[in-house]
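# Structure at a glance
Single-letter residue listing:
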Amino acid sequence: LTNSADVKELIPEFFQSQGDFLLNRLDLDLGVRHDGERLHDVQLPPWASSPKDFTRKNRQALESKYVSEHLHHWIDLIFGFKQQGENAKMSFNVFHPLSYEGAINLDDIRVESERIACLEQISEFGQIPKQLFASPHPKRRGPMLRSIPWRSDSDQESENSRT
């Protein structure tokens, strides 16, 4: 969790669910840690009291004023002018060459072991999305809407049964 080079992004379930995906409800054997502790449910950070609380707080953070005011910077890094070239270097946003779209044509690699190595590199570390913008993305303008708490169908059914 301290590796600043680890840039994996979160799936929508981290923001749009009740957090059930963090629980090993099927009691699958997920193995053991190096210290012998059996793996089971995802260990939540201290600030989350439950999986539902964890996803609720993630959603609040994603919809916060701070994120809305700075989202254009993220867009510049991921999809925009800071994705490649000198602007990427100046922003410390440079990745392995195989990560970039079109960096290599796998069909041109004739040595099978090299082709497999490239596929494994891409599979393990992923690929950078297609660059969509060549100039800075504009900052969000206008009033920000108040966040509406996400509610599942089961929450709505539970509320309806009380009335």
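In this report, the structure presented in the accompanying data block is examined. (Residues numbered from 1 in each chain as written. Predicted model: local features only at pLDDT ≥ 70, side-chain atom pairs only at ≥ 80, totals over all residues. Heavy atoms only, no water.)

## Description of the overall build of the protein
Looking only at helices and strands, the protein features six helices and zero strands. Listing every helix and strand of the protein by position from the N terminus yields α-α-α-α-α-α. Scored against the burial criterion, the 163 residues of the protein give a buried share of 20%. Here the analysis covers contacts within the protein between residues at least 6 apart in sequence; of these, 56% occur between residues at least 24 apart. Roughly 13000 Å² of accessible area belongs to the protein as shown, and the carbon and sulfur atoms make up 55% of that amount. (Helix = DSSP H or I, 4+ residues; strand = E, 2+ residues; numbered from the N terminus. Buried < 20%, exposed > 50% of the residue type's maximum accessible area, 1.4 Å probe, protein only. Contact = heavy atoms within 4.5 Å. Areas by Shrake-Rupley, 256 points an atom, 1.4 Å probe, with all protein chains shown as cover.)

## What about helix α5 (residues 112-125)?
Between its first and last C-alpha atoms α5 spans 20 Å; for 14 residues at 1.5 Å apiece the expected length is 20 Å, and the two agree. Following α5 by one or two positions, G126 has its phi on the positive side, about 80 degrees. (Expected span 1.5 Å × (residues − 1).)

## Some points on a nonpolar patch on the surface
A contiguous nonpolar patch, built from L26, L28, L30 and L39 and spanning about 380 Å² of accessible area, is present on the exposed surface. Inspection of the secondary structure puts L30 in the loop between α1 (13-16) and α2 (51-62). Take L30: its relative accessible area is 42%, and that puts it in the partly exposed class. (Patch = residues over 30% accessible without salt bridge, like charges linked within 9 Å, V, L, I, M, F, W, Y side chains within 5 Å. Salt bridge = Lys/Arg side-chain N within 4 Å of Asp/Glu carboxyl O.)

## Some thoughts on the nonpolar core
Among the nonpolar cores identified, the biggest contains five residues, and these are F14, F15, L22, A48 and F54. When sequence neighbours within four positions are dropped, the list of residues in contact with L22 reads F14, D41, V42, L44, P51 and F54. (Core = buried A, V, L, I, M, F, W, Y, C linked by side-chain atoms within 4.5 Å.)

## Remarks on the packing of aromatic side chains
Inspection of the entire model under this criterion finds four aromatic pairs. On the numbers, 5.5 Å between centres and 20 degrees between planes, the contact of W47 with F54 is stacked. (Phe/Tyr/Trp six-rings, centres within 6.5 Å; stacked < 30°, edge-to-face > 60°.)

## Observations concerning the pattern of salt bridges
Pairing is possible between side chains of opposite charge, provided their charged atoms come close. Considering all chains together, one arrives at eight salt bridges under this definition. Where D20 meets R25, a salt bridge forms, and the shortest distance between an N and an O atom there is 3.1 Å. Taking the relative accessible area as the measure of exposure, D20 reaches 42% and is therefore partly exposed. A residue is classified by how much of its surface remains accessible, and R25, at 60% relative accessible area, is exposed. Where E37 meets R33, a salt bridge forms, and the shortest distance between an N and an O atom there is 3.8 Å. With a relative accessible area of 33%, R33 lands in the partly exposed category. Ionic contacts of the salt-bridge type, sharing partners, join the residues R33, D35 and E37 into one network.

## Comments concerning unusual backbone geometry
With the exception of glycine, most residues fall at negative phi, and the peptide bonds are largely trans. Of note, the phi angle at D27 is positive, near 55 degrees, even though the residue is not glycine. Take D27: it is sitting in the loop between α1 and α2. Relative accessible area serves as the criterion here: at 48%, D27 is assigned to the partly exposed category.

Interpretation note: all reported values are geometric properties and have no functional meaning in isolation.
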